[in-house]
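Here is what each chain is made of, one letter per residue.
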Amino acid sequence: MRAARESRVFQRLASGNLELWANLIVITWAVGFAVWLGTGFAIALGTVFAIWAILAVSLNLVVGFTGLLSVGHIGFFGIGAYTVAILTSDAAYEQLRTEAIPTFGWPFFAALPVGIVLAGLTAIAVGVVFNRFRDDIFVLVSFGFTVICFNVFLNARAVTRGAFGIHDIAKPAIGGWVFDSEAEFLGLALVFLAVVALVSWFIVTSSFGRVLTAIREDERATEVFGYQVTHYKLAVWVISAMMAAAAGGVLASWSTFIDPNSFILLESILLVAIVILGGLATIWGSILGAMAFVLLEEGMRVLPFLPDAYVGQARQVVLGVLLVLLMLFRPQGLLGRYKL
C-alpha cells in the first residue's frame with residue numbers, strides 16, 4: 001500500500017516537473033534563438049508565432065475541450081485571409097496579364113469584421129450538417145471542407161485570382177497611423193492573440209465551458225441531463241471558426257500577399273499537430289505548442305548541414321517523430337489534461 005502511494009506521488013511530481021521543464025526549454029529556446037539571429041528576425045518570428053497561436057487556441061476549443069477532431073480550420077483561416085485581401089488590395093497589378101478582380105479599397109479594420117462574420121456564417125451552414133456526425137466521420141467531413149475551400153480559392157479566379165494570388169493587401173491603420181513596421185505589426189498580432197486567449201479562457205471557465213467538457217467525456221450522458229448538445233457543439237464550432245478567420249486576416253495584412261497554397265490540407269494537419277504537441281484542453285499549451293512549432297520550423301533553416309531544398313521535408317519528419325514519441329510516452333501532450 002505504501003509503495004503504491006509513493007508511486008502515485010512520484011508520478012505526480014514527474015508530471016509537474018515535465019510541464020515545468022517543457023515551459024523552461026521552449027521559452028529559453030525562443031530567447032536564445034532571438035538573441036542569436038537578431039532583433040529583426042525575432043520580431044518577424046514573433047508575428048508568425050502569434051498567428052499560429054491564435055489558430056491553435058481556436059482549434060483547441062473544438063478538439064481539446066469539446067472532443068471534436070477537426071481538420072477543417074484552415075478553411076476558415078483562408079476565408080478570413082481572402083476576405084481581407086479582396087476588400088483591401090490595390091488594383092495596380094491588374095495591368096499585368098493576369099485575371100482582374102473587383103477592388104473595394106476598404107481599410108483593414110473594416111474588412112476584418114466582414115471576414116470574421118463570413119467565416120461564422122459559413123461555420124453555421126456547415127456545422128448544421130457536421131453535427132450529424134461523430135468521431136471518425138466528423139474527421140472525414142471536416143477533411144472534405146478543407147478540400148472544398150482550397151478548390152474555391154484556386155478556381156474562383158474572378159474573385160481570388162486563383163493560383164496568381166492577391167497582391168498589395170493593405171496594412172492596418174488607425175487614423176494616420178499605419179502598422180507598417182515589423183515591430184508595430186508584432187504588437188498588433190499579440191493584441192489579437194491576447195484577445196482570443198482571453199475570450200477562450202472566459203468560455204472554458206464558464207458553465208458553457210463545463211458543458212463542453214462534459215460533451216467531451218460522454219456526449220450521450222450530457223444529453224440525458226437535458227443539455228442540447230448539438231447547440232453547444234455548433235456554438236463552439238462557430239466561435240472557433242471566427243477566431244481562425246481573424247488569424248487569417250492578420251496573416252493576409254502582414255504578408256501583403258496570399259495564394260491558395262497557404263491553405264492546403266497539410267497546413268490543417270500541422271495545426272492539429274501543434275494542438276496535440278502543446279496539449280489538449282489547455283490554452284497555454286496551445287500557445288506553447290505554437291511557439292515550439294515555429295521555433296522548429298525556423299530552426300531547421302539555420303542548420304549548417306541541412307540543404308535548403310530539404311528543410312520542409314526534414315521539418316515534417318522531425319515533427320512526425322515528435323508526435324509519435326508523445327503518443328507513446330505522453331499522449332496528452334506537453335501540458336494537456338486529456339488524451340487524444
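Everything here concerns the structure above.
Before going into details, it helps to say that this report is about the structure given with it. What you are looking at is a predicted structure, and each value in this text was computed from that prediction instead of being measured.

Reading the values: the criteria
Residues numbered from 1 in each chain as written. Predicted model: local features only at pLDDT ≥ 70, side-chain atom pairs only at ≥ 80, totals over all residues. Heavy atoms only, no water. Helix = DSSP H or I, 4+ residues; strand = E, 2+ residues; numbered from the N terminus. Rg over C-alpha atoms; globule rule 2.2 N^0.38 Å. Buried < 20%, exposed > 50% of the residue type's maximum accessible area, 1.4 Å probe, protein only. Contact = heavy atoms within 4.5 Å. Polar contact = N/O pair within 3.5 Å; in protein donor to acceptor, adjacent residues only side chain to side chain. Core = buried A, V, L, I, M, F, W, Y, C linked by side-chain atoms within 4.5 Å.

### Examining the overall build of the protein
Consideration 1: Per the secondary structure count, the protein includes 13 helices and 2 strands.
Consideration 2: What you see for the protein is a C-alpha radius of gyration of 21 Å, in line with the 20 Å of a compact globule of 340 residues.
Consideration 3: Looking at the protein as a whole, 49% of its 340 residues qualify as buried.
Consideration 4: A sequence separation of at least 24 residues applies to 78% of the contacts in the protein between residues at least 6 apart.

### A closer look at the environment of T88
Consideration 1: Looking at the secondary structure, you find T88 in helix α3 (residues 73–88).
Consideration 2: What makes T88 buried here is its relative accessible area of 6%.
Consideration 3: Residues T88 and T103, spaced 15 residues apart in sequence, show a C-alpha to C-alpha distance of 7.3 Å.
Consideration 4: Contact partners of T88, with chain neighbours within four places excluded, come to W106, P107, F108, A111, D168, I169 and A170.
Consideration 5: Polar side-chain contacts of T88 include one of 3.4 Å to the backbone nitrogen of A170.

### Points about unusual backbone geometry
Consideration 1: Backbone geometry at R161 places phi at a positive 65°, although glycine is not the residue there.
Consideration 2: Within the secondary structure layout, R161 lies in the loop between α6 (157–160) and β1 (173–174).
Consideration 3: Phi is positive for D168, which is not a glycine, with a value near 55°.
Consideration 4: Look at D168 and you get partly exposed, because its relative accessible area is 40%.

### Observations concerning the nonpolar core
Consideration 1: Within the largest apolar cluster, 102 residues are counted, with the highest numbers of intra-cluster contacts made by F49, W52, F76, F77, W237, I258 and F263.
Consideration 2: Here this core gets 15 residues from one element, more than from any other, and that element is helix α2 (residues 39–63).
Consideration 3: Every residue in contact with F263, bar those within four places of it in the chain, is listed here: I74, F77, G78, A81, Y82, F150, F153, L251 and I258.

Shape descriptors only; they carry no functional weight alone.
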